[in-house]
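Fold and geometry: a report
Residues per chain, in single letters:
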Amino acid sequence: MEVCLTIEVRSTEIDVMGHVNNAKYLEYMEWGREEWYNQVKLPFDEFTEMGIGTVTVSIHIQYRKEATLGEKLTIKTRPLRCGKSSFVFFQEIHNEKGEVVADAEVINVTIDLGNRKSKPLPDVLRRYFD
């Protein structure tokens, strides 16, 4: 299931080059993943109740075009694949012209909140990746 979130670039997200700072794209993608969890009815408190946390362990991001103040950007998030305790999202950020501004593969791992070690994906999450 692909989920889209539209945002507007704010002045606090612009760097000295006059475009969105590279670190902000990671934050935008985090917002997109949070929206994905909410849309599939798996908010973070559901994981906490199961004693599970999700942690990002790797992000491979490609910056394709600059984004500037006031632009509306759409963050698209979709499940890509999963392993025993890991799962990967593919994310793209598009500008108003439909051009890809950035894209990334984001690897996450489910962990046991008690011992902080990896734990198999719960079925309620796995079903979106199979």
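Cut-offs used in this document
Residues numbered from 1 in each chain as written. Predicted model: local features only at pLDDT ≥ 70, side-chain atom pairs only at ≥ 80, totals over all residues. Heavy atoms only, no water. Buried < 20%, exposed > 50% of the residue type's maximum accessible area, 1.4 Å probe, protein only. Helix = DSSP H or I, 4+ residues; strand = E, 2+ residues; numbered from the N terminus. Patch = residues over 30% accessible without salt bridge, like charges linked within 9 Å, V, L, I, M, F, W, Y side chains within 5 Å. Areas by Shrake-Rupley, 256 points an atom, 1.4 Å probe, with all protein chains shown as cover. Salt bridge = Lys/Arg side-chain N within 4 Å of Asp/Glu carboxyl O. Pairing = 2+ DSSP bridges. Axes fitted to C-alpha atoms, helices over the stretch in contact; angles between N-to-C directions. Contact = heavy atoms within 4.5 Å. Phe/Tyr/Trp six-rings, centres within 6.5 Å; stacked < 30°, edge-to-face > 60°.

**Comments concerning unusual backbone geometry**
Its identity as a non-glycine residue notwithstanding, K41 has a phi of 65 degrees, on the positive side. Relative accessible area serves as the criterion here: at 66%, K41 is assigned to the exposed category. Although it is not a glycine, R116 sits at a positive phi angle of roughly 60 degrees. Tracing the backbone through its elements, the reader meets R116 in the loop between β5 (100-112) and α3 (123-126). The class for R116 is exposed, based on a relative accessible area of 57%.

**A few points about a nonpolar patch on the surface**
On the surface, L26, I59 and Y63 cluster together to form a nonpolar patch covering roughly 230 Å² of accessible area. By the secondary structure assignment, Y63 is in strand β2 (residues 52-63). The partly exposed category is assigned to Y63, whose relative accessible area is 40%.

**Focus: the pairing of β5**
Where β2 and β5 come together, eleven bridges link them in antiparallel fashion. Across the sheet, residue V55 finds its bridge partner in β5, namely V109. Here nine bridges tie strand β4 (residues 86-94) to β5, and the two strands are oriented antiparallel to one another. By the bridge assignment for β5, E92 is matched with D103. In this structure, the hairpin formed by β4 and β5 is closed by a connection of five residues, where G98 is found at a positive phi of approximately 85 degrees.

**As for the sheet that holds strand β1 (residues 3-8)**
With antiparallel pairing, five strands are arranged side by side in an open sheet as β1-β3-β4-β5-β2. The outermost strands of the open sheet, each flanked by one partner alone, are β1 and β2. When strand polarity is set aside, the average angle formed by the axes of neighbouring strands in this sheet is 25 degrees. Taken strand by strand, helix α1 (residues 22-39) contacts β1, β2, β3 (72-82), β4 and β5, and its axis lies near 115 degrees from that of β4.

**Brief notes about the packing of aromatic side chains**
Scanning the entire structure with this criterion turns up 13 aromatic pairs. Note on Y25 and Y28: the rings are 6.0 Å apart at their centroids and 75 degrees apart in plane angle, and the pair reads as edge-to-face. Separated by three residues within a single helix, Y25 and Y28 lie in helix α1, roughly one turn from each other. Neither residue differs from the other here; Y25 and Y28 are each classed as buried. Following the ring pairs from residue to residue traces out a cluster consisting of W36, Y37, F44, F47, F87, F89, Y128 and F129.

Any link to function would need more than the numbers given here.
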